[in-house]
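Structural overview
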Amino acid sequence: MKSACLIAGACVVLTLAAQPRFSLTIDNIMRGPGLYGYEPRNVRWSGDGKRVYFQWKRYNDSLLEELGTYVVGRDGAGLRRLSDEEMPLAPPAQGMVLSRDEKWGVYTSGGDLYLYEVDADKARRLTKTGEAEGAAHFGRDARRVAFTRANNLYVLSLEDGMIEQLTDIRPPGSRVEGEEKKAPENQEYLKKDERELLEAVRERAKKREEDEAKRKRANARKPFVLQQRQTVAALQLTPDEKHVIVRVTEAGTDAKRTIVPNFVTESAFTEPIDTRVKVGDPPGRTRLAVVTVASGEWKWVEPEPKDRTMTPLNVVWSRDAARAVFFARAADNKDRWLFALDVAGAKTRQLFHEHDEAWIQGPRLFSLGWLADDRTLWFQSERSGYSHVYALPYDGGEARALTQGKWEVQAARLSRDRSKFYLTTNEAHPGEQHFYVMPADGGDRVKVTGLPGQHEAEVSPDGGMLANVHSTANRPPELFVMENRAGAQMTQVTKSPAPEFSTYPWTAPPVVTFKARDGAEVYARLYKPEGYRKGGPAVVFVHGAGYLQNAHKGWSSYAREYLFHHLLMERGYLVLDMDYRGSAGHGRDWRAGIYRHMGGKDLEDHVDGVKWLVKEHGVDPKRVGLYGGSYGGFITLMAMFTQPDVFAAGAALRPVTDWAHYNHPYTSNILNLPQKDAEAYKKSSPIYFAEGLKGALLIAHGMVDVNVHYQDSVRLVQRLIELRKENWEFASYPVEDHGFVQPASWADEYKRILKLFEANLKAAPEAGRRR
């Protein structure tokens, strides 16, 4: 069945005829999802394949209301929201673990255990306790469920309901019977003398010792007391239930956490928010241990090379439960290893290693699984320069590429019968994301999705259907169902935007390319007003980072900015939005192009983009501005301070001003440690270049930002004051975190951005306007 919305834009045409055109104002567009709707998330099939569940809410639902759980039939009919009572009994959005025969699933919801019957799509509650249960998984069969509670592992028998504790892990400082701490010499003397002198004391001591001996005989498991700063990160029962694999984290010594003051509170008092440490503070570490269930004996797993600090990830078992493997990454993230684990001996064997002089990353970096023979592993790697799927023999040998080319596999998973791979790649175009099917041993891929844009597809258990979240540059993400075959038509399930959204002719900006100074091809979205004439103004938008792509043909995660660019076009501005060096979607070399110098090649790409706009589109080189948030705010500052003759005005939103004050996981990968690579930090931090400011600058920051701290902007403000700079403005938002929530805050911020551009880049009267 064809969706009416897919036939020649019929939905848009009909809506345009029925309603007045949407008024493009800051207040209107900064309604955000209240205008363009909420994206369907956490899409999953019922075990019997008859229904699709997902998280969603309507555009007119309360701003602070959480996403609800919705269900729809396999044919796209019968959409409804589950009640609060039904929600825990639906397949969970995340965290369900299937039994080896895939007939049962187990998960936790609200701190209690639930058992899910796959073929019947039915769940039942197993526990209702005051203590939270978590990390549910099956033991040696589908009749015993392992779970964590208070940092220990337990199993629940589904036959008689009996719960058995399998580990005895105790917090730091706990007392262990029979291992009493020896008192000072004088106290030990008095204790001994009292026992020898008084019969009542001797009898009580003897009874206590006999009771302790009985308890030890009844439970011979040796307790394990964690050391100071140690916590249990994960507990995993081996399939034979003889051992428990424990991940233990140990916090760094003398690490100092930043406090963010929260000024607007229910108590009316300023309340501190404890956040994170800064990069370079003493890092913690994670270790793997094997615990013998019967005895409680602990053996630490010590992979080679022992001189490298590494973080082990969760162990992945073959389906026949005969082999176990795990990934580990180096603390400096320049290496990763794949190890086989001999559980009984707590020994490892290296299966695979890769090194990157910059840092290891890429899509689904730690995806790991077993092919059908249970002796071959598959995973993703950027070793060719682009993320691809590899097969690796467990018994030894080289990794073999199952996919290859100058494009990325952005997601991969095996079919239920392990005969084929389901892939999401951008091989059709760097800005398109499509779903493919490929034999499990590699070979020709069949492209299933056809419409341009981005597709995120979930396959039904029988492999016959897809639940597909699809978007284009001018159509927000919607859920569709379709057959899992090339050329199949999609049936639309959700309609997310408010009705007025469709009354405006939102454009699908073309994805263009231009050459950077080093010959590299830069992809970008171009927003160009109709009738744009030479000598007009331009704005460059800088997307944020954390490894992100925005020059694509799907709906942007920067949706408000997408709408704002239309407002700028109506006022005669040309807008360029590029995937600069460091962006996702373009391979390893592009990703690592910012190593040891953020604000280097990535800023050069923006300068080269402006030169291209001047040459190819006639932009006035003296009337170019830029703006962006987070990493985009950082680039804006670097541009305004180091390229003042290129950019006349800039708005830096929630910007990093000094990378030595940002977090460890992100920053240390790219710039190493500040105490060891001070040069990289200083040449990458805008605060050291503030004396170069010439143009007009707006800085905006949420005051309860726990990601890029408000302190970052405050320190820069003090630097600008000391430099006696005058052409800047600082806007603070008392209730906002890194990502704003309140429409009023969004609107205030973007009115200031528009005012900045209008005052400093004002388009000439004859400049074109978008009709």
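Relevant structure appears above.
Residues numbered from 1 in each chain as written. Predicted model: local features only at pLDDT ≥ 70, side-chain atom pairs only at ≥ 80, totals over all residues. Heavy atoms only, no water.

For the chain, the count of helices and strands is 13 helices and 45 strands. Relative to the 2.2 N^0.38 estimate, which gives 28 Å for 771 residues, the radius of gyration of the chain is 30 Å and therefore close to what a compact globule would have. The C-alpha extent of the chain, read off along each of the three principal axes, is 105 × 65 × 55 Å. Every one of the 771 residues in the chain was classed for burial, and the buried ones make up 54%. Once local pairs closer than 6 in sequence are excluded, the contacts in the chain between residues at least 24 apart make up 58%. Measuring between centres, the 107 positive side-chain charges of the chain sit 2 Å from its 103 negative side-chain charges. (Helix = DSSP H or I, 4+ residues; strand = E, 2+ residues; numbered from the N terminus. Rg over C-alpha atoms; globule rule 2.2 N^0.38 Å. Buried < 20%, exposed > 50% of the residue type's maximum accessible area, 1.4 Å probe, protein only. Contact = heavy atoms within 4.5 Å. Lys, Arg positive; Asp, Glu negative; His and termini not counted. Charge placed at Lys NZ, Arg CZ, Asp CG, Glu CD.)

Counting across every chain of the model gives 42 aromatic pairs. Consider the rings of Phe 541 and Tyr 558, whose centres lie 5.4 Å apart with planes at 70°: the pair is edge-to-face. Taken together, the residues Phe 541 in strand β40 (residues 538–542) and Tyr 558 in the loop between β40 and α6 (559–570) connect sequence positions 17 residues apart. Each member of the pair Phe 541 and Tyr 558 is classed as buried. Relative to Phe 634, the ring of Tyr 631 lies with its centre 4.9 Å away and its plane at 70°, an arrangement referred to as edge-to-face. Taken as a pair, Tyr 631 and Phe 634 lie in helix α9 (residues 631–642) at a separation of three residues, close to a single helical turn. Across the pair, Phe 634 and Tyr 631 agree in class, each one buried. An aromatic cluster is present here, built from Phe 541, Tyr 558, Phe 564, Tyr 627, Tyr 733, Phe 740, Trp 746, Tyr 750 and Phe 757 joined pairwise through their rings. (Phe/Tyr/Trp six-rings, centres within 6.5 Å; stacked < 30°, edge-to-face > 60°.)

Time to look at the pairing of strand β41 (residues 574–578). Among the five residues in β41, five count as buried, and that is most of the element. Burial of the side chains of β41 extends over both faces: Leu 574, Leu 576 and Met 578 are buried on one face and Val 575 and Asp 577 on the other. The pairing of strand β39 (residues 521–527) with β41 spans four bridges and is antiparallel. By the bridge assignment for β41, Ala 524 is matched with Met 578. Of the strand pairs in this sheet, β40 and β41 are connected by four bridges, and their pairing is parallel. Bridge pairing in β41 places Val 539 opposite Val 575. A crossover links β40 with its parallel partner β41, the connecting element being α6, and its sense is right-handed. (Pairing = 2+ DSSP bridges. Right-handed = clockwise from strand over helix to strand, strands pointing away.)

Moving on, we get to the side chain of Arg 591. Looking at the secondary structure, you find Arg 591 in helix α7 (residues 588–591). Using a relative accessible area of 1% as the deciding quantity, one classes Arg 591 as buried. At 3.0 Å, the side chain of Arg 591 forms a polar contact with the backbone oxygen of Trp 359. A polar contact is formed between the side chain of Arg 591 and the side chain of Glu 382, at a distance of 2.8 Å. (Polar contact = N/O pair within 3.5 Å; in protein donor to acceptor, adjacent residues only side chain to side chain.)

Here the focus is α9. Think of an α-helix as turning once every 3.6 residues; residues three or four places apart then point the same way. Over its twelve residues, α9 extends 16 Å from the first C-alpha to the last, a length consistent with the 16 Å expected when each residue adds 1.5 Å. Of all twelve residues making up α9, eleven are buried, and the element is well covered by its neighbours. Tyr 631, Gly 632, Gly 633, Phe 634, Ile 635, Thr 636, Leu 637, Met 638, Ala 639, Met 640 and Phe 641 are the residues of α9 that are buried. (Expected span 1.5 Å × (residues − 1).)

Let us look at the packing of α6 against helix α13 (residues 743–760). Running from N to C, α6 and α13 cross one another at 35°; their axes reach a closest spacing of 12 Å. Helix-helix and strand crossings are classified by hand; for α6 and α13 the assignment is right-handed. Facing α6, whose interface residues are Arg 560, Glu 561, Phe 564, Leu 567 and Leu 568, α13 presents Trp 746, Tyr 750, Ile 753, Leu 754 and Phe 757. When grouped by side-chain class, the residues that make up the contact of α6 with α13 number eight nonpolar, no polar and two charged. (Axes fitted to C-alpha atoms, helices over the stretch in contact; angles between N-to-C directions. Left-handed = near helix turned anticlockwise from the far one by under 90°. Nonpolar A, V, L, I, M, F, W, Y, C, P; charged D, E, K, R; others polar.)

We now examine the pattern of salt bridges. The tally for this structure, following the rule as stated, stands at 48 salt bridges. The salt bridge partner of Arg 591 is Glu 382, with a shortest N-O separation of 2.8 Å. Of this pair, Arg 591 sits in helix α7 while Glu 382 sits in the loop between β27 (376–381) and β28 (388–393), and the two are 209 residues apart along the sequence. Residues Arg 591 and Glu 382 agree in their burial class; the two are buried. Here Arg 715 and Asp 658 are joined by a salt bridge, their closest N and O atoms 3.4 Å apart. Highlighted residues: Arg 715 in helix α12 (residues 710–722) and Asp 658 in the loop between β43 (649–653) and α10 (664–671), separated in sequence by 57 residues. Each of the salt bridges in this network shares a partner with another, and the network as a whole consists of Asp 356, Glu 382, Arg 588, Asp 589 and Arg 591. (Salt bridge = Lys/Arg side-chain N within 4 Å of Asp/Glu carboxyl O.)

Here we take up the pairing of β39. Most of β39 is tucked away: six of the seven residues are buried. Following strand β38 (residues 511–515), the chain reverses through five residues before pairing antiparallel with β39; Gly 519 in that reversal takes a positive phi of roughly 90°.

Our focus in this paragraph is a nonpolar patch on the surface. Among the surface-exposed residues, Leu 63, Leu 64 and Val 741 lie close enough to one another that they form a single nonpolar patch of about 270 Å² accessible area. For Leu 64, the location among the structural elements is in the loop between β2 (51–56) and β3 (68–73). For Leu 64, a relative accessible area of 67% corresponds to the exposed category. (Patch = residues over 30% accessible without salt bridge, like charges linked within 9 Å, V, L, I, M, F, W, Y side chains within 5 Å. Areas by Shrake-Rupley, 256 points an atom, 1.4 Å probe, with all protein chains shown as cover.)

The residue after Glu 304, namely Pro 305, is reached through a cis peptide bond having omega 0°. Along the chain, the position of Pro 305 falls in the loop between β20 (298–301) and β21 (310–312). For Asn 151, which is not glycine, the phi torsion reads 65° and is therefore positive. The residue Asn 151 is located in the loop between β10 (144–149) and β11 (152–157) in this model. You can call Asn 151 partly exposed: its relative accessible area is 42%. The phi angle at Asp 254 is positive, at roughly 60°, despite the residue not being glycine. Among the secondary structure elements, Asp 254 is positioned in the loop between β16 (243–250) and β17 (257–262). Looking at Asp 254, the relative accessible area reads 74%, which means it is exposed.

Contact geometry of helix α8 (residues 601–617) with α9 gives a least axis separation of 10 Å together with a crossing angle of 70°. In terms of orientation, α8 and α9 fall into the roughly perpendicular class. Between α8 and α9 lies a crossing whose hand is right-handed. Along the contact surface, α8 presents Asp 602, Leu 603 and His 606, while α9 presents Tyr 631, Phe 634, Ile 635, Met 638, Ala 639 and Thr 642. By residue class, the composition of the contact of α8 with α9 is six nonpolar, two polar and one charged. (Parallel < 35°, antiparallel > 145°, perpendicular 65-115°, else oblique.)

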